Amino acid sequence: MTLIEARNLPSHVGIIMDGNGRWAQQRGLGRAEGHRQGSQAVRRIVRAARRLGLRALTLYAFSEQNWARPEDEIDALWVLLREFLLSEREEILDNSIRLNAVGNIGRLPGVVRAVLDPLRNESSKKYEMTLTLALSYGGREEIAEAARELAAEVAAGKRAVEDVTCEALHARLPSLAVGDPDLVIRTGGERRISNFLLYGLAYAELHFSDALWPDFDAEDLYQAVASYQNRERRFGKVGKAAPLVPELASEGGAPRESSPALLVAV
Ligand code: FPP
């Protein structure tokens, strides 16, 4: 059982879903089977995130660099994504989930766009959680695109050079329309970011899980959230618990925020 504070939830959680290939390899199966089990994990984790009350969940499903994988593996991923969108459509709508996508969506095959676009539109009317799929996505590519847009406005005389600010750039990044990620989880044991949500990661808390993505379950998500809640986010400032004059610490110093009254046991 994991205890989670109801009032201190991360608003936006991003997940780098890694380890499908190794999961399959360990069982002597093809990589496509690993992705199939991975898509079951997507279903579980979306449900768990909604139950928990997260406002935004962003899943890194296909990077811009993943186009370099073998064609049959890429095709299998599009089939799974299409199946996921078709089979989860009702549950997404019934549970007030807005399905969104970020990345180079124009590069996706028509069979995926044909189910993705209508669901994006339909689910945007009434929602309490945004599920964003990062598809053909790259953090550097997204920043470069935003920079191009701002440069074009400067060149056209619509924006002053001084107005190319952090805020202006942020406002042009579709992946951050739901806010910066508070918590980014990576499964599969690697400790790297792999071009995910680069600009928004500035003050995100990172959580690395050794579980391969197909094995990642609701309890793993809850543990990641509980670990997030035990951290002190400082955003470059001095921590609440660190007194300027050390002697003050022995007199009690600045106490950490008291324990919350409301806990959710999951
Ligand atoms: C990384 O594991 C995973 C991917 C590149 C694809 C993620 C896709 C899914 C979870 C399934 C379909 C998605 C949806 C939204 C239904 P890897 O293949 O790099 O694993 P490895 O590092 O073990 O080789």
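Refer to the structure presented above.
Treat the numbers as computed from the prediction; the structure is a model and nothing was measured.

Caption draft 1: Structural view of the pairing of strand 3 (residues 56-63). Burial runs high along strand 3: 7 of the 8 residues are buried. Inspection of the sheet shows strand 2 (residues 12-16) paired to strand 3 by 5 bridges, in the parallel sense. The partner of I16 across the bridge, within strand 3, is Y60. As defined by bridge partners, strand 3 adjoins strand 5 (residues 129-137) across 7 bridges and the pair is classed as parallel.

Caption draft 2: Structural context of the environment of L29. Take L29: it is sitting in the loop between helix 1 (20-26) and helix 2 (31-52). Not counting the four nearest positions on each side in its chain, L29 is found in contact with W23 and A24.

Caption draft 3: Representation of the pattern of salt bridges within the structure. Tallied over the entire structure, the rule returns 22 salt bridges. Note that R234 is salt-bridged to E232, the shortest N-O span being 3.5 Å. Relative accessible area serves as the criterion here: at 23%, E232 is assigned to the partly exposed category. Via salt bridges that share partners, R43, R47, E88 and E91 belong to a single interconnected network.

Caption draft 4: Representation of the side chain of H12 in the model. In this fold, H12 is placed in strand 2. Those residues in contact with H12, other than ones at most four positions away along the chain, are A56, T58, S175, V178, G179, D180, P181, D182 and L183.

Calculation rules
- Residues numbered from 1 in each chain as written.
- Predicted model: local features only at pLDDT ≥ 70, side-chain atom pairs only at ≥ 80, totals over all residues.
- Heavy atoms only, no water.
- Buried < 20%, exposed > 50% of the residue type's maximum accessible area, 1.4 Å probe, protein only.
- Helix = DSSP H or I, 4+ residues; strand = E, 2+ residues; numbered from the N terminus.
- Pairing = 2+ DSSP bridges.
- Contact = heavy atoms within 4.5 Å.
- Salt bridge = Lys/Arg side-chain N within 4 Å of Asp/Glu carboxyl O.

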